[in-house]
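In case you want the letters, here they are:
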Amino acid sequence: LWSVLLVVVLFGGTARADVLHLKKGGRLEGVLVAETATSLTIDLGMGRISLPRSAVQKVERKESALSEYRTRLAALEPGDVKGFAELARYAAANGLRSEARLMWARVVSLDPNDVEGHLYLGHVLVAGRYMEADEAQRAQGMVRFDGRWMTPGEQDSILRERERRASDDRRVDEARRAARDAED
């Protein structure tokens, strides 16, 4: 109950949202958290931005996906896996990518077998266990080399080929030097 009250206090009034229409074009949508005579601070969900009031053409107050997300989050119980999954879907469908990732991470931490959450987070199933894509590659014996994944044998082959080319280049350079020396 206290954690729900804390969220409500922190995000009190989250039923509203604000859109700052910028004078140079574009807009920022979030929750206006501070207003002074010279500046405006808006919470975009992934962080806050302060702007000089002179850069803002108008402030529009309306409902936003972020405020709805926060309202729904405040109403959830701490262990409500189904509720967090629904909120993650809502966030993803409304362009709140960082919030969606956060909710799916919470879902898989509460339910390690949640397939939808693992897939959204880019996890891969290897030997009955979900893991990050890089970890899955390593678990399958792959190595990262020159920006891509390959078998250790492929890496050894590439390194041998590079060494062979370097050796050939050295012989060509030595032959050219010898030819120049002979001409001199």
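Located above this text is the structure these notes cover.
In this report, the structure presented in the accompanying data block is examined.

**A short note on the overall build of the chain**
- Scanning the chain for helices and strands turns up seven helices and nine strands.
- By the compact-globule yardstick of 16 Å for 184 residues, the chain is too spread out, its C-alpha radius of gyration being 28 Å.
- By principal-axis analysis of the C-alpha atoms, the chain measures approximately 85 × 50 × 25 Å.
- Classification of the 184 residues of the chain by burial places 28% in the buried group.
- Taking all contacts inside the chain whose residues are at least 6 apart in sequence as the whole, residues at least 24 apart take part in 37%.
- When the accessible surface of the chain is summed, it comes to about 12,000 Å², and 53% of that surface belongs to carbon and sulfur atoms.
- Of note, the chain has its 29 positive side-chain charges centred 5 Å away from the centre of its 29 negative side-chain charges.

**Here's the deal with the packing of helix α3 (residues 81-93) against helix α4 (residues 97-110)**
- One can describe the packing of α3 onto α4 by two numbers: an axis separation of 8 Å at closest approach and a directional angle of 155 degrees. Taken together, the axis directions place α3 and α4 in an arrangement best described as roughly antiparallel. By crossing handedness, the relation of α3 to α4 is classed as left-handed. Contacts between α3 and α4 involve Val 81, Phe 84, Ala 85, Leu 87, Ala 88, Arg 89, Ala 91 and Ala 92 from the first element and Glu 99, Ala 100, Met 103, Trp 104, Arg 106, Val 107 and Leu 110 from the second.

**Here we look at the sheet that holds strand β3 (residues 39-43)**
- Taken in spatial order, the five strands line up as β4-β3-β2-β1-β5 in an open sheet, and their pairing is antiparallel. Edge strands, defined here as strands with exactly one partner in the open sheet, are β4 (48-52) and β5 (56-62). Looking at each pair of strands side by side, their axes are set apart by 45 degrees on average, direction ignored.
- The sheet contact formed by strand β1 (residues 17-22) and strand β2 (residues 27-35) spans four bridges and is antiparallel.

**Focus: the packing of aromatic side chains**
- Enumeration over the complete set of coordinates arrives at one aromatic pair.
- Between Trp 104 and Tyr 120 the ring centres are 6.2 Å apart and the planes differ by 35 degrees, which places this aromatic pair in the tilted class. Of the two residues, Trp 104 sits in helix α4 while Tyr 120 sits in helix α5 (residues 115-120), which places them 16 residues apart along the sequence.
- Since its relative accessible area comes to 1%, Trp 104 is described here as buried.

**Observations regarding the nonpolar core**
- In terms of nonpolar packing, the biggest core is built from 17 residues, with Tyr 69, Leu 87, Leu 96, Met 103 and Trp 104 touching the most fellow members.
- Only α2 (65-75), α3 and α4 provide two or more residues apiece to this core.
- No other element matches α3, which puts six residues into this core.
- Once residues within four sequence positions are removed from consideration, Met 103 is found in contact with Tyr 69, Leu 73, Phe 84, Leu 87 and Ala 88.
- Formed by eight residues, the second largest nonpolar core is a distinct cluster that contains Leu 32, Leu 44, Leu 51 and Val 56.

Basis of the calculations
Residues numbered from 1 in each chain as written. Predicted model: local features only at pLDDT ≥ 70, side-chain atom pairs only at ≥ 80, totals over all residues. Heavy atoms only, no water. Helix = DSSP H or I, 4+ residues; strand = E, 2+ residues; numbered from the N terminus. Rg over C-alpha atoms; globule rule 2.2 N^0.38 Å. Buried < 20%, exposed > 50% of the residue type's maximum accessible area, 1.4 Å probe, protein only. Contact = heavy atoms within 4.5 Å. Areas by Shrake-Rupley, 256 points an atom, 1.4 Å probe, with all protein chains shown as cover. Lys, Arg positive; Asp, Glu negative; His and termini not counted. Charge placed at Lys NZ, Arg CZ, Asp CG, Glu CD. Axes fitted to C-alpha atoms, helices over the stretch in contact; angles between N-to-C directions. Parallel < 35°, antiparallel > 145°, perpendicular 65-115°, else oblique. Left-handed = near helix turned anticlockwise from the far one by under 90°. Pairing = 2+ DSSP bridges. Phe/Tyr/Trp six-rings, centres within 6.5 Å; stacked < 30°, edge-to-face > 60°. Core = buried A, V, L, I, M, F, W, Y, C linked by side-chain atoms within 4.5 Å.

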